[in-house]
Amino acid sequence: MDKSIADIRKDYTLQDLSEKEIDSNPFVQFKIWFGQSLAAQLPEPNAMTLATCTPNGRPSARMVLLKDFDERGFVLFTNYNSQKGQELTANPLAALVFWWAELERQVRIVGTVEKISSAQSDSYFEIRPPYSRLGAWASNQSEVIASRDILESQLQEFERVYQNQEVPRPPHWGGFRVIPQEIEFWQGRSSRLHDRLLYTRLDAGGWKIERLSP
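Owing to the predicted nature of the structure, the values given are computational and were not obtained by experimental measurement.

Here we take up the packing of helix α4 (residues 130-138) against helix α5 (residues 148-161). α5 packs onto α4 with a crossing angle of 115 degrees between their chain directions and a minimal axis gap of 9 Å. The way α4 lies across α5 gives a crossing that is right-handed. Taken together, the residues of α5 that come into contact with α4 (itself represented by Tyr-131, Leu-134, Gly-135, Trp-137 and Ala-138) are Leu-151, Gln-154, Leu-155, Phe-158 and Glu-159. Looking at the contact of α4 with α5, its residues break down into seven nonpolar, two polar and one charged.

If you want it as structure tokens, here you go:
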């Protein structure tokens, strides 16, 4: 290697983040930042790391896509029988991380989890591309599979089953909502002295905002 991993570094200098300029509502602040990520034409700005944990404490994380958010929380969709689906059901706590490198920004979210309604899952499933809908039937997500050929064969079988008809949502597929208890907005700054502003949900309603040391 021409360059060691230890030598890889970047100084963050684009912007700052102060208590005076953020919104008192973290969902409004997220909407502002997400809108700016869209305006900057970042690749997949809705990509986020989802961290889950089994009831006995074994963690796992993977990239997923945010598909909706409002003041109730942040919504993603998956196979409920997948590893993440089973972990979210057995231990309904999760963390999300958005990393927008081009803007030198990160958002961390920690909260509880609930399934969204069947009607909401149906509404989203209906707008998915046809082969994404078929794929939800064909894939037993997270299960061991002997070969790619088996997956392709299962897809072809569901193509045959639902030929010339609407593909319904599988009962094992739907949405989860992460309900934040904490949301941290991180703006990279020079010399690793980053700006970190943490919103914590209050029992009485509203949010407390605190600055964290980098």
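Turning next to the pattern of salt bridges. By the definition in use, this model includes 13 salt bridges. Taking the shortest distance from any N to any O, the salt bridge between Asp-70 and Arg-72 comes out at 2.8 Å. In this structure, Glu-152 and Arg-148 form a salt bridge, with 2.9 Å as the shortest nitrogen-oxygen distance. Of the two residues, Glu-152 and Arg-148 are both situated in helix α5; the distance of four residues between them amounts to about one turn of the helix. Exposure remark for Glu-152: the relative accessible area of 31% places this residue in the partly exposed category.

Next up on the list: the UniProt feature "domain: Pyridoxamine 5'-phosphate oxidase N-terminal" (unreviewed entry) in the protein. In this numbering, the UniProt entry assigns the feature "domain: Pyridoxamine 5'-phosphate oxidase N-terminal" (unreviewed entry) to residues 38-159. Across residues 38-159, helical content stands at 33% and strand content at 35%; the span's end C-alpha atoms are separated by 35 Å.

All right, on to the pairing of strand β8 (residues 195-201) then. Judged by how many residues are buried, β8 sits mostly within the fold: six of seven residues are covered. Of the pairings in the sheet, the one linking strand β7 (residues 173-187) to β8 comprises six bridges and is antiparallel in character. Directly across from Glu-184, in β8, lies its bridge partner Leu-198. Count of turn residues in the β8/strand β9 (residues 207-211) antiparallel hairpin: five residues, of which Gly-205 carries a positive phi of about 105 degrees.

Reading guide: rules and limits
- Residues numbered from 1 in each chain as written.
- Predicted model: local features only at pLDDT ≥ 70, side-chain atom pairs only at ≥ 80, totals over all residues.
- Heavy atoms only, no water.
- Axes fitted to C-alpha atoms, helices over the stretch in contact; angles between N-to-C directions.
- Helix = DSSP H or I, 4+ residues; strand = E, 2+ residues; numbered from the N terminus.
- Left-handed = near helix turned anticlockwise from the far one by under 90°.
- Contact = heavy atoms within 4.5 Å.
- Nonpolar A, V, L, I, M, F, W, Y, C, P; charged D, E, K, R; others polar.
- Salt bridge = Lys/Arg side-chain N within 4 Å of Asp/Glu carboxyl O.
- Buried < 20%, exposed > 50% of the residue type's maximum accessible area, 1.4 Å probe, protein only.
- UniProt positions renumbered as here; feature names shortened; annotations may be inferred.
- Pairing = 2+ DSSP bridges.

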